[in-house]
Amino acid sequence: MGMSMIDLYSVPSAHLLCCRATKDMSKVPPAPPISTQTACMIAVRDNRDRAAFALLFDHFAPRLKGFVMRSGSGAAQAEEIVQDVMLTVWRKADQFDPARAQVSAWIYQIARNRQIDLLRKERRPVPEDLFKGAVFEPDASEVLVVEQEAEYLKAALRQLSPEQRTIVEKAYLGELTHQEISTEMGLPLGTIKSRIRLGLDRLRHVLKDMR
Amino acid sequence: MNAITHHSPDSLLAAFAAGVLEHPFALVVASHISMCLDCRATFEAHLAIGGAVLESGATAVLSSDLKGATLSQLDHPVTPRPEYGRKGIFPSPVVEALKGQTPRWKSLGMGARQSILSQGSEGSVRLLYIPPGQAVPDHSHNGMELTLVLQGSFSDSTGRFGVGDLEVADHSLEHSPKADDGAACICLAATDAPLRFAALLPRLLQPLFRI
């Protein structure tokens, strides 16, 4: 799968994820792997684990800097944003739910919000947090679905023609206007979005558990 | 929650996720996502693609002290920004735009009222209050207009819009929305250009009312 995988049971905080799966050991295959990033994010969320945060920093900070510089920031400002985003990751870790979003998706949103807040000097409107105060029910199978989806998405990106891939990258870097997105991105977007089908079911599932 | 039948176009959700929507439109889309689970799922799918772009993008070399500087700030106290929750019919993005206050309505005549939330070079966004059975003055648009129903409903040549429904109109649409009978219709409406009214009198009043 390309991504570095670790054994679920080797990360203490990730034990939680397996509570459902371990009810009937006879049917359970060997511990499912989750990505290092997800395991680290859970360790940061549940245990305020600094070593795990340092690993996340090593993985995401260089990507974030590259990302932010491509969307127009100079090197110095980019590092300010990177630091700010990573500190937000630490402070808002309690909002991370691996059954709903990949770490990369969660950090992407934080990064875009931060860049826009700086650019416009006003806070970007964000959707209401329907899951505020929710106690996340650890569910290993849901987490794995999200993890798999991340792999499918990356594969789908790789399979696009270079032209289409450039359009998609520009769109999510914030380089296309809404008008350009609606006229230029239809085809590649359809290809990629077909890889994501479970979002709505997942949201319903989480909301149902909350009530 | 009523069944929502008029959803956001995919391109608008992609543009919002990528952070390229002008503030007035971003506020309406964030509010619609707050009320519509389908569009929230699609929005989160776009974040997942953004995450994949971030994950597979080019990295940039960090300054040698950035990691240490970031780790040393993990325990710094921060004053959290005020967070707003839903208030009555208003989803949290609207409550935030109102800074937690109740709307300050200004009369538009004939019982109709508006409360401007923001206006500037990027366009304007306001709350509109239309008494039951009353028409919004006949108008067309220079640019795009987004209208999200927060209470009651309205109908126009394109259909009926109830709570949570989002209407996307562009300059080609000459429509005459009329509030349905029952509760007064309260909408969140954003435009990127001043409205053009078809009738002479409202046009003369336009600078006065700033609509």
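In this report, we go over the structure that sits alongside the text. Along each chain, residues carry numbers from 1 onward, in the same order as the chain's sequence is written. All chains are assigned letters beginning at A, and all ligands numbers beginning at 1, according to the order in which they are written. The model is predicted, so local features are restricted to residues of pLDDT at least 70 and side-chain atom pairs to those at 80 or more, both for listing and for counting; the totals for chains, interfaces and linings are taken over all residues. Derived side-chain values reflect all non-hydrogen atoms in the structure, with water molecules and hydrogen atoms excluded from consideration.

1. Remarks on the overall build of chain B
Then, in step 1: In this text, helices come from DSSP runs of H or I with a minimum length of four residues, and strands from runs of E with a minimum of two, each type numbered from the N-terminal end. Within chain B, the secondary structure is distributed over six helices and 11 strands.
Then, in step 2: Counting the 211 residues in chain B, one finds 53% classified as buried.
Then, in step 3: Only heavy atoms matter for contacts: two residues are in contact if any of them lie within 4.5 Å across the pair. Long-range pairs, those at least 24 residues apart, make up 65% of the contacts in chain B between residues at least 6 apart in sequence.
Then, in step 4: We get accessible surface area from the Shrake-Rupley algorithm with a probe of 1.4 Å; when it comes to residues, only the shown protein chains can shield them. Of the accessible surface of chain B, which amounts to about 9200 Å², a share of 56% is contributed by carbon and sulfur atoms. The buried label applies to any residue whose accessible area, calculated with a 1.4 Å probe on protein chains only, is under 20% of its type's maximum; exposed applies above 50%, and partly exposed to all values in between.

2. Overview of the packing of helix 1 (residues 10-18) of chain B against helix 2 (residues 23-35) of chain B
Two quantities define a packed helix pair, namely the angle between the axes and the distance from one axis to the other.
Residue and element names in this part refer to chain B.
Then, in step 1: Axis lines are fitted through C-alpha atoms, for helices just across the contact stretch, and the angle between N-to-C directions can take any value from 0 to 180 degrees. Contact geometry of helix 1 with helix 2 gives a least axis separation of 10 Å together with a crossing angle of 105°. Judged on the interaxial angle alone, helix 2 and helix 1 are roughly perpendicular. Where helix 1 approaches helix 2, its residues L12, L13 and F16 are matched on the opposing element by A26, V29, A30 and I33.
Then, in step 2: Each residue is assigned to one of three groups, with Ala, Val, Leu, Ile, Met, Phe, Trp, Tyr, Cys and Pro labelled nonpolar, Asp, Glu, Lys and Arg labelled charged, and all others, Gly among them, labelled polar. Here the residues of the contact of helix 1 with helix 2 are counted per class, giving seven nonpolar, no polar and no charged. Any angle that is under 35 degrees is reported as roughly parallel, and any over 145 degrees as roughly antiparallel; angles of 65 to 115 degrees are reported as roughly perpendicular and all others as oblique.

3. A closer look at the side chain of R100(A)
Then, in step 1: Within the element layout of this structure, R100(A) appears in the loop between helix 3 (75-91) and helix 4 (103-120).
Then, in step 2: A polar contact is formed between the side chain of R100(A) and the side chain of E44(B), at a distance of 2.5 Å. Counting of polar contacts relies on pairs of N or O atoms within 3.5 Å, with two restrictions inside protein: one atom must be capable of donating a hydrogen and the other of accepting it, and residues adjacent in sequence are counted only when both atoms are side-chain atoms.

4. Here's the deal with the layout of surface pockets
Residue and element names in this part refer to chain B.
Then, in step 1: Cavity: a set of points on a 1 Å grid over the protein atoms alone where a 1.4 Å probe fits but cannot get out. Pocket: an open set with protein on both sides within 12 Å along at least five of seven lines, its lining residues, like those of a cavity, having an atom within 4 Å of a point. Grid points are joined across faces, edges and corners, and a volume is the space filled by probe spheres set on the points. Of the volumes computed, that of the second largest pocket is approximately 740 Å³.
Then, in step 2: Lining of the second largest pocket is provided by 30 residues; of these, A97, L98, K99, I116 and L117 occupy positions nearest its centre.
Then, in step 3: At six residues, strand 2 (residues 112-120) tops the list of elements feeding residues into the lining of the second largest pocket.
Then, in step 4: A breakdown of the residues in the lining of the second largest pocket according to their chemical character gives 14 nonpolar, eight polar and eight charged.

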